[in-house]
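Each chain, letter by letter, is given below.
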Amino acid sequence: MEVPTISKFKVGLCQLTVSSDKNQNLIRAHNLIKVAAQQGARLVVLPEMWNCPYSADDFAKYAEDFENGDSSPSFSVLSEVASCYGITIVGGSIPEWCNGRLYNTCCVFGPDGKLKAKHRKIHLFDIDVPGDISFKESDSFAAGDEPTIVDTDIGRIGIGICHDMRFPELAMLYRAKGAHIICYPGAFNMSTGDLLWELVQRARAADNQLFVATCSPSRDSAGCYAIWGHSTLVSPFGEIIATSEHEETVVVAEIDYSEIQRTRESLPLEKQRRADIYRFIEMDH
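Now for a quick tour of the structure. Because the structure is a prediction, the values reported are computed rather than measured.

Further remarks concern the nonpolar core. A general feature of soluble globular proteins is that nonpolar side chains tend to end up buried together. With 45 residues, the main nonpolar core has Leu43, Val45, Val90, Ile181, Cys183 and Ile255 as its most contacted residues. Leu32, Ala37, Val44 and Phe66 belong to the second largest nonpolar core, which has 25 residues in total.

Helix length check: helix 5 (residues 190–208), at 19 residues, gives a terminal C-alpha distance of 27 Å against a target of 27 Å (1.5 Å per residue), a fit within 8%. The largest bend in helix 5 comes to about 45 degrees, at Leu196. Among the residues of helix 5, Thr192, Gly193, Leu196, Trp197, Val200, Gln201, Arg204, Ala205 and Asn208 are the ones counted as buried. Where helix 5 is buried, its residues meet strand 7 (126–129), helix 4 (168–176), strand 11 (181–185), strand 12 (211–215), strand 13 (232–234) and helix 6 (258–266). Measuring from the side-chain oxygen of the N-cap residue of helix 5 to the backbone nitrogen of Ser191 gives 2.8 Å; that N-cap residue is Asn189. Just downstream of helix 5 lies Gln209, where phi reads positive at about 55 degrees.

According to the stated counting rule, one finds eight aromatic pairs in the structure shown. Ring geometry for Tyr54 and Tyr225: centres 5.5 Å apart, planes at 50 degrees, overall tilted. Of this pair, Tyr54 sits in the loop between strand 2 (41–45) and helix 2 (59–62) while Tyr225 sits in the loop between strand 12 and strand 13, placing them 171 residues apart in sequence. Here Tyr54 matches Tyr225 in class, with each residue buried. Site record: aromatic cluster; members linked through ring pairs are Tyr54, Phe59, Phe141 and Tyr225. Here the basic side chain of Arg120 rests over the ring of Tyr103, its NZ or CZ set 4.0 Å away from the ring centre.

This next bit is on the pairing of strand 7. With four bridges connecting them, strand 7 and strand 8 (residues 133–136) associate as antiparallel partners. What sits directly across from Ile127, in strand 8, is Phe135. Between strand 7 and strand 8, which pair antiparallel and follow one another directly, the connecting turn spans three residues, one of which, Gly131, has a positive phi of 80 degrees.

Conventions and cut-offs
Throughout, a residue's number is its position along its own chain's written sequence, starting from 1. Two thresholds apply to this predicted model, a pLDDT of at least 70 for residue-level local features and 80 or more for giving and counting side-chain atom pairs, whereas whole-chain, interface and lining totals are computed over all residues. Heavy atoms throughout the structure, all of them, feed into the side-chain values; hydrogens and water do not. We call a set of buried residues a nonpolar core when its members are Ala, Val, Leu, Ile, Met, Phe, Trp, Tyr or Cys and they connect through side-chain atoms within 4.5 Å of each other. When a residue's accessible area, from a 1.4 Å probe over protein chains only, is under 20% of the maximum for its type it is buried; when over 50% it is exposed; and in between it is partly exposed. Secondary structure is summarised from DSSP: a helix means a run of H or I of at least four residues, a strand means a run of E of at least two, and numbering begins at the N terminus for each. Every helix has an expected span of 1.5 Å times one less than the residues it contains. Two axes enter the bend calculation: one fitted to the seven residues ending at the residue in question, the other to the seven starting there, and the bend is the angle between them. In what follows, residue pairs with any heavy atoms lying within 4.5 Å of each other are defined as contacts. Here a polar contact is taken to be a pair of N or O atoms separated by no more than 3.5 Å, where protein atoms must pair a possible hydrogen donor with a possible acceptor and residues adjacent in sequence count only if both atoms sit in side chains. The criterion for an aromatic pair is that two Phe, Tyr or Trp rings (for Trp, the six-membered ring) have centres within 6.5 Å, with stacked assigned to planes under 30 degrees apart, edge-to-face to planes over 60 apart and tilted to the rest. Counting as a charge over the ring demands two things of the Lys NZ or Arg CZ atom: a distance within 6 Å of the ring centre and an angle within 35 degrees of the ring normal. Pairing between strands is defined by DSSP: at least two bridges between them are needed.

By themselves, these are just geometric observations and shouldn't be taken as functional.
Encoded structure:
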């Protein structure tokens, strides 16, 4: 694993309230990023679908073509704010129009304001729990087909969006490629949030012995379902370093990458891994 230029720094998780007013969402995002930066955050993470209500009726209306600066104000705001405060921004996600298709897309901007990476959500959230919730993200979005790892001055970052977190294979890939932290903007609902939000992110961190940061909209955000909230930073041992409740807030916490090495030395999972056995399991499957 490569040693990053900066090994100890603060991360800010901006759990903002999303409204049906796009301009207000941009202003709110700017203000919360400013709060995080003023508290010393070098890395700032936004929630999934922070510029629009989480609703199939709204995705296309709020979507942006990133190739057209005049029609992508959310993209432009993140670029400007990253440059203004000299920080790296994992820009949650917004609906992206590209070649006639709609994607759930996370953009990562460097301290110079330039786009460093773009992750399109790979695993789309389709759920049908009778009497509880029914939602089919694949009716609105096309799936991405590439994992996303971005090198920054604050380490190598793997990116996933919400339901991507449910798949340990993606996190294992990021570990194998030297990621120090995986950032998952998400918007879990009340049912999956209560059961799985904390459990899954702690599992991804502990299994791969790296940091995991999640960022959610607040619960009183507009959309087709109530959102769990609870944006969280998890250590390589699976311990919760910092978390929120469900209201709008900014969580600022310190990351120390030396914890990764200490965790892996005390419990050398990679040396104990039995790939010779797992390979046969996958072939049988």
